[in-house]
Every structure is written in structure tokens, then in C-alpha cells.
Amino acid sequence: RRSTEVQTSPVFMSMASGGTSPPPPHKHTNRLAQERSPYLLQHAHNPVDWYPWGQDAFDKAKNEDKPIFLSVGYSTCHWCHVMERESFEDEEIGKILSDNFVCIKVDREERPDVDKVYMTFVQATSGGGGWPMSVWLTPDLRPFIGGTYFPPTDHARRPGLRTVLNRIIEQWQNNRPALESSGERILEALKKGTAIAANPGEGPPPAPAVSSRCFQQLAHSYEEEYGGFRDAPKFPTPVNLMFLMSYWSVNRSTSEGVEALQMALHTLRMMALGGIHDHVAQGFHRYSTDSSWHVPHFEKMLYDQAQLAVAYITASQVSGEQLFADVAKDILLYVSRDLSDKSGGFYSAEDADSVPASGGPEKREGAFCVWTASEVREQLPDVVEGAATRADVFMHHYGVKEQGNVALEQDPHGELQGQNVLIVRYSVELTAARFGISVEKANKLLASARTQMAKVRESRPRPHLDTKMLASWSGLMLSAYASVGAVLGDKALLERAVQAGNFLKEHLWDAERQTMLRSCYRGDEMEVSPPISGFLDDYAFVIGGLLDLYEATLRTEWLQWAEELQLRQDALFWDHQGGGYFCSDPGDRAVLLRLKEDQDGAEPSANSVSASNLLRLSHYCGRGEWLQRSQQLLAAFSDRLTRVPIALPEMVQALMAQHYTLQQIVICGQRDAPDTAGLLAAVNSLFLPHKVLMHVDDDADGFLRRRLPVLSSMSQQGGVATAYVCQDFTCSLPVTDPQELRRLLLDGTTERPAE
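Calculation notes
Residues numbered from 1 in each chain as written. Predicted model: local features only at pLDDT ≥ 70, side-chain atom pairs only at ≥ 80, totals over all residues. Heavy atoms only, no water. Salt bridge = Lys/Arg side-chain N within 4 Å of Asp/Glu carboxyl O. Buried < 20%, exposed > 50% of the residue type's maximum accessible area, 1.4 Å probe, protein only. Helix = DSSP H or I, 4+ residues; strand = E, 2+ residues; numbered from the N terminus. Right-handed = clockwise from strand over helix to strand, strands pointing away. Pairing = 2+ DSSP bridges. Disulfide = S-S within 2.5 Å. Axes fitted to C-alpha atoms, helices over the stretch in contact; angles between N-to-C directions.

- Within an unreviewed UniProt entry, the label attached to the protein reads Spermatosis associated 20, and the organism entered is Cyclopterus lumpus.

Here it is, written out as C-alpha cells:
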């Protein structure tokens, strides 16, 4: 169930777990004790002379002419903890490492730029990748050997870390020129192989052909019974689901369009019923180890919650099904309760492993989340009908078995023996019929049982919580609260979105240096010292979140900051020669490859999100150069979009938005007035992937009026809130009735000449 091997880089198959804290007093303390990253702190008491990534370590390697051992992981990664326990806590291995190498520890979530460069090397040289990542570098940071997890001693056909270290020491002394030249050769090949650039004069590829190919490739890998793509392990991949719903929106009358929608909705429904969805404490686990979404890998990541909330609320707009809206709210309830900081920020992840409630020092995967049949009986003993108890109804509905419901092949380490992972086995109607009760009573009974089980869970030892707050993932989460809040008209969710926007501005934006920061940490002193400057995804995801926050709240301060951030992103990361954005600051000499992320995986690629941001901002700010820049970006990725669009479903959506051009929906009226709210509710009830929503009031000097002079011709009709639906600011006749606006938007046609 746990593997460090990832055959394709975006589908992170690394596993996760909570770190075991060593008993006090600590025999060893190294300089990682001064760091704020939860992952680095987990290694602060190893007998290894660890350094964080930085000039001190680089200088030491140069001055002492030693190779560097670079170890990269993250705080909820299972095999990272295994390697720490087996090897980095071992005195003998610690001595070999400290005497012969300069040892550097990196949290991949803090320094994705460093992680990407060396992961590219490891994948190219070993055919696989994953975490923990172990790479050996020359003092000038060039990699020459790399791998993932190593056991401490030789095991089966896998060499042990001791063996590898001794071989490298011997090779460094006796064969150093060959090591250095092979590293150099591979690096040069990687520079060529990873280059992404547009050919001179090239435009974006044709959207209808690319989107059709993307659909065909997804349909080919689709698993029909339970939804999702490929058999097992199964990842939620919200980028695929959002693409399918967008594809349907422009192909509603074709069989492919209908099939695309069915694929997305079936997958979302099956995931909501499955064990990957936490039925007791909400939110979604990282992925499913089987094809039926039953037994998950139990880690919970912030970026999954963010993207899935948007996917579920979109499904509710498209289908009108309450289930999907409920799941979206459910996810945000979990994030508000368990992943939120009082500052308005969001924590990164919850671990998969924890100490079982029954005690014992060993953490186990899923211990916090699973149930024995006897626990359920003990908690829900009351009789409901005839001889049946609440436990009988709950166990029937959620597939709880006396002997446990986890198959042996799902549990290679024997951690889930006799345990049950809750999965909805019957509809509420069937469960009600089975026990001769009304559907209403069954619903109430199941809800109260879930609440009771949640209380029990609260008393169990909690898994490790990674309290690092990242700008990029917070940007994704901002989009989720804004989108779900707008669709549901939920003021509390919109307030939480505004709180997140304020948090980003206050804690992760350095106004003096005009720079986004990558991360901050829980506590009074939230900053990290020295601060890590933001990467491309920090800018792109936050800008996307701010645009969604503007559309949800209609407050132009968010639009203004989005414009400011886009100008900074362009200055820092744009490739003036080949088009598109580099992932990290091209001026950072310590990062050897200038990479452009070309995969929408667990998270969307920042270039994909930027293509959409530029398009939206060009409409809001009247900046034609941003429309051109979006086209240049898409042209740079033309080869990949044409050949394997399935690798970039988020970017294909941006390409479609450009092709079908964005509809401008302009609402003129008092922002908080009921008539304005009625028109907004009509807009928000529909899935309109190719729209920008604008609000204009009487302020002649407003942000939008200054940038878009055409808006001065639009005003309220007869003192009532009025909507205009436009294409390139050629607009429909004004509309004041929400139902009429809804019809106009559903038709997707605008009566042309009336301006």
C-alpha cells in the first residue's frame, strides 16, 4: 500500500505518516532545531550534522571539498519517517554521513524549486521517483547519483544506505572526474530535454482539436464501474473532472459532451460514497488503494480539499443535485475546523498514521479513522425498530463487518486487521426499507450516529498536523471558499474567504519588497527567518483566488491586488525568449535547471492557472498585452498540448476559454441591494466557465470604470439593478429580471448590435 515509486512525476505516490517524537532528553541536537518547518524539526535530534538548504552548507562543501548528501521529503510522508527511524537515527550511519558529506535536509513543500530540479534528475536516471528523495551532489550542486528510499542495510535486491555511502566515498576518492563528468553530461541533457518554448511566430494550437483529444485520452483511461482514471491506486484528480465539465459546457448537444459529464458526475458520486471520503469527520483522504474508492491512504492534504470543493460545487451547478453541494460544504466544514489557523491561514496537511486508541508506541496507518464492529455496537446501542439497534442500521449502511471490511491485499502491513473503513453500501431508501423505517427517520438516525462517532474520534490520539501555511495552497483554498460561498449564497463561507484574503495580504505579502512569501508558521511569530520568496505557483494560485474572491464579493480591492501581483509575476518569472513562466526565480544561481512545470497533477501547473488568470485580467483591466501573453504561454506548450493534452487538462481549459472568448456579465446596481443580489444569484446558479463577472455602481472613478471606459455607457434602468451580457463589450439589451438573465446566459447567445 505504500510505495516511494512514482513512474510519472505528477501523481505523487509517496506515502505519509506522522513522525514519532523521540523521548526527552535529546542525546543529539543539530542546527535544524532552529528551523520552523515541521519536517525539518522532525530531524532536529538525529545524530547527523544536518544543514538547511543555504549558503552556509554550500560554503562548507566548497571549503572542505566534500560531496553533498541532499535528503528531500515532507512532514506527512510515511517512507520519510521510516528512513529517518532506520537510518538517520542510527549512530553509525550518522557518523559516516557527518564525517564524509555535507548533509542538507529540504522540505519539498517549502522549496519546490530545489525538489523539482533534483527529482527531474532522479527520474531521468532511475526511471522512478518519489519521497524521501536521496541525491548526492558535487560542492557546486551538480547531482551525480540519486534515488529515493534506501533501507539501512542491503535488503533483497536493494542496496542499503551504508553500502551506498561507502561506495560513493570510495568513488569520490578514486574516480571523481568520471562522477563529475557524468553528472555534467546528464545535467546538459536535462537542460535540453526540459526546455519548453514557442517557435517564432507560433500561435496556440486549435482548441477544438486539442480539447477533443484530451477528452478521448481521458475516456480511454476511465474506469466505468466506480469512475476515476485507471484501476488502482486511484487519485481524485480534480483537474480532470473540471476539464470534463468544461468540455461538456461547450459540447452539450454531442454524445462526447454528454459522456464527459457522465464521467465527471459518476466519479464525484462514487468518491463521495467511498471510504476516501471521511464520513465521520468530513474531508477527503489522499487517494484510494483500490478501484472502488474504499480503503484510502489516510493522509489529508489541503490542496485536495480546495480543488475537490470547487469540483463538487460545480457538479451541483451542472446537475442540480443536492448531494454535490452537501459534499462541498462538508469539505469546507472540515477545513474550517481542523486545518484553519486563527490568523485566517490554512495548515498544509494531516498525517495518515497515529497511535491507536488502544495504546502502544507504534503509530499505525488509519488508526484515527477506522472502527471495529464492537466499538460501533458499544457507541450506538439504542433500539430503533423491533430488535434493531442504531448500530445495526449504521453498520448495514456503511458496510461494517464483524471481522472487519478491509481485504488482505489492501493491508500488506496488517495494520487494519479487524478494522472497518466506512463506505456507503446502500442508498438511504434501501437502508430505510431494510429496517422498516421512513427515509426521514433513517437520515436523522444516520446523522446522529455520525455525530456520536465523531465525538468518539475526538478522544483518540490525533495524527500529526503540518502547521506550515503555504501561499500557493492557501490561494487554492481561497478559490474554494469564494466559489462555494458564491454558489450557495453563504455569508459565513464568504466571510471566511475574505479572512483568507486578508491573511495572505498581511502575512505572506512583503509590501516593501513587493514580493509574495512562500510560507509562514503557526504561533505568535508567524514569519520564517530568513523568509523564502514566493515561487510561480504562489503568485498564480493567489491571483486565481483573488479573481474568484472579487467575483464572489464584488470588492475591487481584491481585483486591484490581483493586478499588482500579476505585474510582479511577469517581472520575476516570464521567459521573454520562449514564452511561458519559469517555476522559480531564474536569477537564483543555486537552482541549476530553469524549469516550466508541464503537468497538471495533484495540483494544477502554475502555467495552466496563469493562462486563465491572464485572460481574465485582460478583460478586467483592459490590458491587451495580457491577452497576448496568455496566447504566447499557450503557444510555448503547443507541442505538449497537441500530443498529450491529458497531461495538461487545466491548460486545455484555458485554451478553450481563449477560443470561445469570455462573456462579460456586467451588473449595474447597489452592491448589497436585494435586486442586485437577485441578478447575482441567477449568475451564480449556473456553471459558466467562460465568463467574467463585473459589478458597476455609481462611483464614476471606480477601478473598473477607469480601466474600461465602455462601462460608462451602462447604467441601471428605471432605478433597478440591471445586467448586460456582452461579448467583446458588444452587449445584449439590458435585463432586470433574474429569470430572464438566467435564460439569456443558458442560451449563451447575445443579441449583437444593441450597445
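### Notes on the pattern of salt bridges
Side-chain pairs of opposite charge can arise whenever the charged atoms involved come near each other.
Moving on, step 1. Enumeration according to the criterion identifies 46 salt bridges in this entry.
Moving on, step 2. Across the pair Arg337 and Asp338 runs a salt bridge whose closest N-O atoms are separated by 3.0 Å.
Moving on, step 3. A relative accessible area of 40% places Arg337 in the partly exposed class.
Moving on, step 4. Relative accessible area serves as the criterion here: at 13%, Asp338 is assigned to the buried category.
Moving on, step 5. Measuring nitrogen to oxygen at the nearest pair gives 3.0 Å for the salt bridge that ties Asp466 to Lys468.
Moving on, step 6. Since its relative accessible area comes to 1%, Asp466 is described here as buried.
Moving on, step 7. The buried category is assigned to Lys468, whose relative accessible area is 0%.

### A look at the pairing of strand 20 (residues 691-696)
Moving on, step 1. Among the 6 residues of strand 20, 6 are classified as buried, and the element is accordingly described as predominantly covered.
Moving on, step 2. Of the two faces of strand 20, the one holding Lys691, Leu693 and His695 and the one holding Val692, Met694 and Val696 are both buried throughout.
Moving on, step 3. Handedness of the crossover joining strand 19 (residues 663-668) and strand 20 through helix 25 (residues 674-684) is recorded here as right-handed.

### Some remarks on the pairing of strand 19
Moving on, step 1. Within strand 19, 6 of the 6 residues are buried, which leaves the element mostly enclosed by the surrounding structure.
Moving on, step 2. Judged from the 6 bridges that link them, strand 19 and strand 20 form a sheet pairing that is parallel. Opposite Gln663, over in strand 20, you have Lys691 as the bridge partner.

### Description of the state of the cysteines
Moving on, step 1. Throughout the structure, instances matching the rule amount to 2 disulfides.
Moving on, step 2. What pairs with Cys77 in a disulfide is Cys80, and their sulfur atoms sit 2.2 Å apart. Here the S-S torsion is close to 85 degrees, and the disulfide linking Cys77 with Cys80 is therefore right-handed.
Moving on, step 3. Using a relative accessible area of 0% as the deciding quantity, one classes Cys77 as buried.
Moving on, step 4. On the basis of relative accessible area, Cys80 is assigned to the buried category, the value being 1%.

### Considering the sheet that holds strand 2 (residues 68-73)
Moving on, step 1. Spatially, 1-3-2-4-5 is the arrangement adopted by the 5 strands of the open sheet, whose pairing is mixed. Each edge of the open sheet is held by one strand with a lone partner, namely strand 1 (50-52) and strand 5 (143-147). Neighbouring strand axes in the sheet, compared pairwise and without regard to direction, differ in orientation by 25 degrees on average.
Moving on, step 2. Relative to strand 4 (residues 133-137), strand 2 runs antiparallel, the two being bridged by 5 bridges.

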